[in-house]
Amino acid sequence: MLPPGPRLPAAAQTAWIMLDPAGAFDRLHREYGPIFTVRYFGFPPEVYVTTAELAEQVYRTDQGGGLAGAARRDFLEPMVGAHSVLTLDGDGWSRHRKALTPPLRARQVAGYHDEIAAIAAEKIATWPLGVPIALRDRMQEITLEVIIRLVFGIRDAERLGRLHALLPRLIRLGGATSVVMLPARLRERAKGVPFLPYARFLKARAGVDAILYEEIARRRSAGADGTDVLSRLLESGFDDQEIRDELITLLIAGHETTATSLAWAFERLLRLPHVLERLPDDEPYLDAVVKEVMRVRPAVYEAPRLLDAPLRLGEYEIPAGSYAGPFIPLVHRDPAAFPSPEEFRPERFLDGQQSRAWMPFGGGRRFCVGAQLALLEMRVIIREVLHRLDLTAPDPAPETRRLTNVTLSPARLTRVIARARSLDRTT
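A brief look at the structure comes next. (Residues numbered from 1 in each chain as written. Predicted model: local features only at pLDDT ≥ 70, side-chain atom pairs only at ≥ 80, totals over all residues. Heavy atoms only, no water.)

1. Re the overall build of the protein chain
Our working definition: Labels follow the DSSP assignment, with helices taken as runs of H or I lasting at least four residues and strands as runs of E lasting at least two, numbered in each case from the N terminus. We compute the radius of gyration from the C-alpha atoms alone; for a globule the expected value is 2.2 Å times N to the 0.38, where N is the number of residues.
Of regular secondary structure, the protein chain possesses 19 helices and twelve strands. Computed over its C-alpha atoms, the radius of gyration of the protein chain comes to 21 Å, within 12% of the 22 Å expected for a compact globule of 427 residues.

2. Brief notes about a positive patch on the surface
Selection criterion: Without a salt bridge and with relative accessible area above 30%, a residue can belong to a patch; like charges are then joined within 9 Å and nonpolar side chains (Val, Leu, Ile, Met, Phe, Trp, Tyr) within 5 Å. With residues, only the protein chains shown are counted as cover, and all accessible areas are computed by Shrake-Rupley using a 1.4 Å probe. One side-chain nitrogen of Lys or Arg within 4 Å of one carboxyl oxygen of Asp or Glu is enough to make a salt bridge. Asp and Glu count as negative and Lys and Arg as positive, but His and the ends of the chain are not part of the count. Working definition for charges: the position is that of NZ of Lys, CZ of Arg, CG of Asp or CD of Glu.
A surface patch of positive charge is lined by Arg169, Arg172, Arg200 and Lys203. Elements supplying a minimum of two residues to the positive patch: helix H9 (157-174) and helix H12 (197-222). Here Arg169 is to be found in helix H9.

3. Here we look at the nonpolar core
Where we set the bar: Nonpolar core, defined: a set of buried Ala, Val, Leu, Ile, Met, Phe, Trp, Tyr and Cys residues in which side-chain atoms within 4.5 Å join the residues together. Accessibility here uses a 1.4 Å probe with only protein chains present; expressed as a share of the type maximum, an area under 20% marks a residue as buried, one over 50% as exposed, and anything in between as partly exposed. Every residue pair with non-hydrogen atoms within 4.5 Å of one another is taken to be in contact.
Of all hydrophobic cores here, the largest spans 116 residues; its most connected members are Met139 and Phe152. A per-element tally of this core places helix H19 (residues 371-388) first, with eleven residues. In contact with Phe152, not counting residues within four places along its chain, are Ile147, Leu163, Leu167, Leu212, Arg219, Asp228, Leu230, Leu247 and Leu251. In terms of nonpolar packing, the next biggest core, distinct from the first, is built from 22 residues, Met18, Tyr40, Phe75 and Met181 among them.

4. Comments concerning H9
The following threshold applies: A helix is expected to span 1.5 Å for every residue after the first. In protein, a polar contact requires one atom able to donate a hydrogen and another able to accept it; more generally it is a pair of N or O atoms within 3.5 Å, and residues adjacent in sequence count only if both atoms are side-chain atoms.
Compared with the 26 Å implied by 1.5 Å per residue over 18 residues, the 25 Å span of H9 between its first and last C-alpha is a close match. Those residues of H9 that sit buried are Arg159, Leu160, Leu163, Leu167, Leu170, Ile171, Leu173 and Gly174. Contact partners of the buried residues in H9: helix H4 (68-80), helix H8 (135-152), helix H10 (177-180), H12, helix H14 (240-254) and helix H15 (256-269). You can read the cap of H9 off the contacts: a side-chain oxygen lies 3.2 Å from the backbone nitrogen of Glu158, and it is on Asp156.

5. Examining the sheet that holds strand E2 (residues 46-49)
Applicable threshold: At least two DSSP bridges between two strands are required for those strands to pair.
Across the sheet, five strands lie side by side as E1-E2-E8-E5-E3; this open sheet has mixed pairing. In the strand order of this sheet, the two ends are held by strand E1 (35-38) and strand E3 (66-67), each with one partner. Sheet analysis places E1 next to E2, joined by four bridges and oriented antiparallel. Pairing of Phe36 across the sheet is with Tyr48, part of E2.

6. What to know about the environment of Glu256
Topologically, Glu256 is positioned in helix H15. Not counting residues up to four positions away in its chain, the partners in contact with Glu256 are Arg136, Gln140, Ile171, Leu251, Thr404, Asn405, Val406 and Thr407.

7. What to know about the pairing of E2
Covered by surrounding structure in E2 are Glu46 and Tyr48 together with Val47 and Val49, the residues of both alternating faces. Relative to strand E8 (residues 323-326), E2 is paired through four bridges, and the arrangement is parallel. Bridging across to E8, Val49 finds its partner in Pro326.

8. Digging into the packing of aromatic side chains
Definition in use: Aromatic rings from Phe, Tyr and Trp, with only the six-membered ring used for Trp, were paired whenever their centres fell within 6.5 Å, and each pair was classed as stacked if the ring planes differed by under 30 degrees, edge-to-face if by over 60, and tilted otherwise. By definition here, charges over rings are those cases where NZ of Lys or CZ of Arg is within 6 Å of the ring centre and within 35 degrees of the ring normal.
Scanning the entire structure with this criterion turns up 13 aromatic pairs. Centre to centre, the rings of Tyr198 and Phe201 are 5.9 Å apart; their planes meet at 40 degrees, and the pair counts as tilted. Here Tyr198 and its partner Phe201 are both found in helix H12, three residues apart, which amounts to about one turn of the helix. Tyr198 gets classed as buried once you look at its relative accessible area, which sits at 9%. Pairwise contacts between aromatic rings join Phe25, Phe36, Tyr48, Tyr301 and Phe327 into one cluster. A cation over an aromatic ring shows up here: Arg297 above the ring of Trp264, its NZ or CZ 5.2 Å from the ring centre.

9. Quick look at the packing of H14 against H15
The relative placement of two packed helices is expressed as an angle between their axes plus a distance between the axes. We count it as follows: To get an axis, fit a line to the C-alpha atoms, keeping to the stretch in contact for a helix; angles then go from 0 to 180 degrees between the N-to-C directions. Throughout this description, any angle smaller than 35 degrees is read as roughly parallel, any larger than 145 degrees as roughly antiparallel, any in the 65 to 115 degree range as roughly perpendicular, and the remainder as oblique. Residues are grouped as follows: Ala, Val, Leu, Ile, Met, Phe, Trp, Tyr, Cys and Pro are nonpolar; Asp, Glu, Lys and Arg are charged; all remaining types, including Gly, are polar.
Where H14 contacts H15, the axes come no closer than 4 Å and their chain directions differ by 15 degrees. It follows that H14 is roughly parallel to H15 by the angle criterion. Listed contacts from H15 to Leu251, Ile252, Ala253 and Gly254 of H14 are Glu256, Thr257 and Thr258. Class assignment of the residues belonging to the contact of H14 with H15 gives a composition of three nonpolar, three polar and one charged.

Listed below in structure tokens is the structure:
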């Protein structure tokens with residue numbers, strides 16, 4: 001038996017949640033408690049849980065009974081393909097995860113520190129001063145450049161120019177609700193209508209794919225001897241399609257989500273001067289701040305599993321064929337896992353403390369393979385910004401959350417005014 005949930009038609013539930021996911025789930029939590037069912041138009045019912053204990057039970061299905069790849073396939077396969085760690089299960093997933101893990105371990109990504117800092121400094125130098133800017137957009141420029149240089153490893157000026165033009169369009173179109181939530185049975189029909197978002201997405205995808213396949217072919221013929229992730233994948237035995245799919249996966253998983261988390265970091269810090277004054281040179285505290293930001297404002301709100309066997313959750317027996325997953329922002333507010341959860345307290349993460357309920361990168365066996373790169377980017381970019389600029393928020397009111405593409409982002413994209421930092425404050 002499924003847990004209770006709203007009685008609205010599936011189409012109305014979908015529209016409500018896409019328009020205001022944070023507000024919708026807060027209301028569902030108040031009305032139905034820690035477990036409830038939502039019905040999305042064209043998809044199986046999804047059971048959401050909101051406590052750390054129930055989330056752990058869902059993630060245990062990674063050992064049998066739940067399929068993370070199948071849960072994402074309908075939504076993500078048009079973008080990342082059928083050979084992505086996000087859409088694979090079983091032996092295929094294990095093989096791809098094994099190939100991706102070595103170049104993305106903490107020790108390996110630490111070698112990218114200086115290049116990330118240089119990219120950040122280069123972009124920060126172009127920011128307008130003294131006028132309001134949307135910081136999330138600026139962060140996307142930095143994280144996109146990091147992916148292109150450190151993951152794709154593309155240096156050719158002509159290809160770089162084409163990628164810079166095409167990738168933001170691909171991400172914008174591919175993350176649009178009208179594309180992500182389009183049922184698979186309607187895609188074949190939609191791709192033949194040029195003015196529809198799905199057809200425009202396919203055109204942008206074809207343009208990016210052409211560049212990636214050119215680069216893969218060039219690097220195969222030249223020999224893979226770089227330090228970027230593409231070079232490592234070329235040594236894995238993957239075919240061109242598999243490499244393409246994992247490159248796009250790393251773009252999607254490591255570009256917009258990291259930029260959104262960085263935007264939230266500054267949105268929070270500018271309203272917490274007692275925290276900001278300890279940054280940026282207290283490294284352990286900076287790391288704890290990053291993790292606390294990702295607790296109070298996770299960019300990704302769910303990491304579901306498609307059940308291929310019944311799952312007992314509390315008093316309910318969730319049938320096979322349903323989705324089940326934590327609503328991550330509410331799990332992060334579970335007082336059993338995070339005492340005084342409404343308080344911003346980086347100290348929770350000092351001295352190696354970390355709860356398994358902290359899940360901005362998902363959980364279980366499917367914990368995001370790029371987590372260490374994302375955490376490094378956040379620490380390095382925050383430090384570079386604070387060394388170079390003083391930021392103020394033109395509006396002191398906290399920014400609310402809205403769904404932007406596939407992430408919960410600040411509603412005003414973190415509006416800030418930047419001013420050059422005086423020399424006496426940087427020495």
